[in-house]
Amino acid sequence: MENILLKDKVAGLDGYFAAGGYKPLKKALGMTPADLIEEVKKSGLRGRGGAGFPTGLKWSFIPKDGQGPRYIVCNADEGEPGTFKDREVILKNPHALIEGMAIAGYAIGASRGYIYIRGEFAAEARLLEEAIADARGRGLIGANLLGSGFDFELSVHRGAGAYICGEETALLESLEGFKGQPRLKPPFPAVKGLFASPTVINNVETLAAVPTIIEKGGAWYAAIGTPKSAGTKLFCVSGPVNKPGVYELPLGVAFRELLEKHCGGLKEGKKLKAVIPGGSSVPVLTAAEAMAVALDYEALAAAGSMLGSGAVIIIDETQCMVKLLQVLARFYHHESCGQCTPCREGCGWIEKILDRLEEGRGSAADIDLLCSVADGMKGRTICPLADAMAMPVLSFVKKFRAEFEAHAAGRCCPPEPAGKH
Amino acid sequence: MAFTLTNEFKAKADKLRAGYPRPDAALIPLLQELQKDRGFMAEEAMDALAAYLGLPYARVKAVVTFYTMFNRAPVGKYHLQVCRNISCHMAGAPGLLARLREKLAIEEGETTKDGLFTLSSVECLGACGAAPVMQVNEDYFEKLDEKKLDDLLEDMRHGRLRGMAR
């Protein structure tokens, strides 16, 4: 199958043109916004940032009448542990994102777009700024796009190091120059988003798929993948495999195929123990569960996990699950924005309990306490960060309880290197 | 100590602010610009910026303390930021951190006496396929091992790598 998102020789504007780039924009500007939204709905494209919400439907929530500005915002705050796909799109195919934003802007009546990119991606932000300047030079960004009468301004806004800003309302707060603390919903961003105006926020990978969908039609895209999980997805594989990296494959591909055919299997001598299939926030799968699962929204939900961002983290037998969960707990505790008590306190408690277990100071009761704290966090906060901590905790303990019990009984792993040889 | 915003900064600030319907939305980019000057956000710099933008000092301070990329104390010419999250952890990040602590004789959060290096561990840098990863100032160094790390340190010691302006 031909790649839609990851292509060679399209990083520059000339290469992108040579591959047919910006023809979709021209086509889109000749359509009505309603027809455009209908085409995206027909494609079955779903949000690639993690939630999997239907993109066309999200666009259709923007009020049709009503005065004042609207905004299209690209979420390039890639920070879900294990995820490194948006960076690849930005490096290899930045104009697909820019063109996708212009098309999305036209569809929802937004003449202003912002790309919110994580602060650490300094080189990627510069590259995007250059690509936007190139596009502007050819009349593809700015006033009166391709003589259509539609104006579209686009700029890059760098974040400053906060995982929570990947949550769309926290992103909006950050883009407005505040702490990135998620907002209560409703009102949803489609009604009251950036600067209190109707706003659509889409992930890099989602927006970069739009030009091809417009060019080839929604039905063409919907035929890829499975009936409910249409299109291709970027799977980013990390861990001890021979060829870690980003792979563009149709949704519904078997995990086994991704691992063995595309990633060249596990490194020599390594044995598969567990897989986190959609970024660190989703429930872990055992090796047996993973080897039987297909990678799409429905199949992973049926297996008790989620497709999430498509970040496939491979864990081998030499890894300690208690230690890995401690690493994740430290992360969520560090990244909790602090506004909801269950998350702010819960993530801290979980980290402390795991510290005890990991260092051999824990007890069997600590294992139940871990689960009790996690249960108390789920669904009780403004945004899903608390759930993102609770899900790994509950699944790690459920599926690898023996390792937690061994730690509680004092059989601990060797300590981390201390720095003296 | 008094801190004065340069005219050059003010010109840049006005241009940045024009990119948003509400000028205060430029606060984070402005702080990034301001941090370039000394590598960290001094109290008096935050004060001067708040006054220039007509924002409460508390708003500026709240933003600076919320985001990890704003340094609140001086950092070395090279700020070594080792990813400690799951993929880098499995790929040997704890060993790299230990090696850096030993070779530089500092703990995380500290700066070497010569002002050359600051050591930090950070959360996921979004380059997990190339784990373990370290960010030095704004640049990523990927697929690290002990040899590569030692070579990098040598390059930095001899000024062969772009350092932070100081």
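Please read these numbers as outputs of a predicted model, since none were measured by experiment. (Residues numbered from 1 in each chain as written. Chains lettered and ligands numbered in written order. Predicted model: local features only at pLDDT ≥ 70, side-chain atom pairs only at ≥ 80, totals over all residues. Heavy atoms only, no water.)

Structural notes on the packing of helix α15 (residues 341-358) of chain A against helix α16 (residues 364-377) of chain A
Axes are the key here: two packed helices are described by the angle between their axes and the distance separating the axes. Residues and elements named next belong to chain A. Put simply, α15 and α16 touch, their axes get as near as 10 Å, and they point 165° apart. Our classification of the angle between α15 and α16 gives roughly antiparallel. Where α15 crosses over α16, the two elements pack in a sense that is left-handed. Contact residues: α15 offers P342, C343, G346, C347, W349, I350, I353, L354, R356 and L357, while α16 offers D366, I367, L369, L370, V373, A374, G376 and M377. Here the residues of the contact of α15 with α16 are counted per class, giving 14 nonpolar, two polar and two charged. (Axes fitted to C-alpha atoms, helices over the stretch in contact; angles between N-to-C directions. Helix = DSSP H or I, 4+ residues; strand = E, 2+ residues; numbered from the N terminus. Parallel < 35°, antiparallel > 145°, perpendicular 65-115°, else oblique. Left-handed = near helix turned anticlockwise from the far one by under 90°. Contact = heavy atoms within 4.5 Å. Nonpolar A, V, L, I, M, F, W, Y, C, P; charged D, E, K, R; others polar.)

Regarding the pairing of strand β5 (residues 232-238) of chain A
Successive residues of a regular strand alternate their side chains across the two faces of the sheet. All names here are of chain A. Along β5, seven of the seven residues are buried, which leaves the element largely enclosed by surrounding structure. The antiparallel hairpin formed by β5 and strand β6 (residues 245-250) contains six residues in its connecting segment, where G239 sits at a positive phi of about 110°. Direction of pairing for β5 relative to strand β11 (residues 311-316): parallel, over a ladder of three bridges. Bridge pairing links S238 to I313 in β11. (Buried < 20%, exposed > 50% of the residue type's maximum accessible area, 1.4 Å probe, protein only. Pairing = 2+ DSSP bridges.)

A word on the domain arrangement of chain B
Under the domain assignment, chain B is made up of domain 1 (7-66) and domain 2 (78-157). Taking the mean C-alpha position of each, domain 1 of chain B and domain 2 of chain B sit 29 Å from one another. (Domains from an automatic or database assignment.)

Here's the deal with the sheet that holds strand β1 (residues 71-76) of chain A
Residues and elements named next belong to chain A. Read across the sheet, four strands follow the order β3-β2-β1-β4 without closing on themselves; strand pairing throughout is parallel. Each having just a single partner strand, β3 (153-158) and β4 (199-203) make up the two edges of the open sheet. Neighbour-to-neighbour, the strand axes of this sheet turn through a mean angle of 20°, independent of strand direction. Here helix α7 (residues 122-137) sits on the sheet in contact with β2 (112-117) and β3, set at roughly 170° to β3.

A short note on the confidence of the model for chain B
All names here are of chain B. Across chain B, pLDDT averages 94, with 98% of residues at or above 70. Within chain B, helix α5 (residues 86-90) carries the highest mean pLDDT (98), whereas helix α2 (residues 27-38) carries the lowest (93). For this predicted complex, the interface score ipTM comes out at 0.96, while the overall pTM is 0.96. (pLDDT = per-residue confidence, 0-100.)

A few points about unusual backbone geometry
The omega torsion of the bond from K185(A) to P186(A) falls at -5°, within 30 degrees of zero and hence cis. Across the junction of P186(A) and P187(A), the peptide omega takes the value 0°, indicating a cis bond. Take P187(A): it is sitting in the loop between α8 (168-175) and β4. In this structure, A105(B) takes a positive phi of about 55° despite not being glycine. Mapped onto the fold, A105(B) is located in the loop between α6 (93-104) and β2 (117-122). Judged by its relative accessible area of 65%, A105(B) falls in the exposed class. With a phi close to 50°, K143(B) is a non-glycine residue in the positive phi region. Assignment of secondary structure puts K143(B) in the loop between β4 (139-141) and α7 (146-157). Since its relative accessible area comes to 51%, K143(B) is described here as exposed.

Things to note about a nonpolar patch on the surface
Residues and elements named next belong to chain A. Side chains of F53, L57 and F61 sit close together on the surface and give an oily, nonpolar patch of about 260 Å² of accessible area. As for its placement among the helices and strands, L57 is situated in helix α4 (residues 55-60). With a relative accessible area of 32%, L57 lands in the partly exposed category. (Patch = residues over 30% accessible without salt bridge, like charges linked within 9 Å, V, L, I, M, F, W, Y side chains within 5 Å. Areas by Shrake-Rupley, 256 points an atom, 1.4 Å probe, with all protein chains shown as cover. Salt bridge = Lys/Arg side-chain N within 4 Å of Asp/Glu carboxyl O.)

Points about the sheet that holds strand β3 (residues 134-136) of chain B
Either a parallel or an antiparallel arrangement is found when strands of a sheet pair, and the pairing is made through backbone hydrogen bonds. All names here are of chain B. Ordered in space as β2-β1-β3-β4, the four strands form an open sheet in which the pairing is mixed. A strand with exactly one partner marks an edge of an open sheet, and here the two such strands are β2 and β4. If you compare each strand with its neighbour and ignore which way they point, the axes differ by 25° on average. The pairing of strand β1 (residues 78-83) with β2 spans six bridges and is parallel. Residue pairing across strands places Y78 opposite F117, the latter belonging to β2.

What about the interface of chain A and chain B?
Accessible area lost during the coming together of the parts is what is often quoted as the interface size. Across the contact, 59 residues belong to chain A and 41 residues belong to chain B. Between chain A and chain B, the buried area comes to about 4100 Å², and carbon and sulfur atoms account for 58% of it. Contact with chain B buries surface across chain A, with E120(A), A160(A) and F195(A) losing the most and accounting together for 14% of the total. Summed over the shared surface of chain A and chain B, the number is four salt bridges. Across the salt bridge formed by R158(A) and E138(B), the nearest N and O atoms sit 3.2 Å from each other. Applying the counting criterion to the chain A and chain B interface returns 17 residue pairs in polar contact (both at pLDDT 80 or more). Mapped by element, the contributors of at least two residues to the side of chain A that touches chain B are β2, α7, β3, α8, β5, β11 and α14 (321-335) of chain A. Considering every element that reaches the side of chain A that touches chain B, the biggest residue donor is α14(A), with eight residues. (Buried area = accessible area lost by both parts, 1.4 Å probe. Polar contact = N/O pair within 3.5 Å; in protein donor to acceptor, adjacent residues only side chain to side chain.)

Quick word on the packing of aromatic side chains
Working definition: an aromatic ring pair is given by the centre-to-centre distance plus the angle between the planes. Residues and elements named next belong to chain A. Tallied over the entire structure, the rule returns 15 aromatic pairs over all chains. Where Y16 meets Y22, the ring centres are 5.2 Å apart and the plane angle is 80°; that geometry is what we call edge-to-face. Given the relative accessible area of 7%, Y16 is considered buried. Here F150 and F152 contribute two aromatic rings whose centre-to-centre distance is 6.1 Å and whose plane-to-plane angle is 20°, an arrangement assigned as stacked. (Phe/Tyr/Trp six-rings, centres within 6.5 Å; stacked < 30°, edge-to-face > 60°.)

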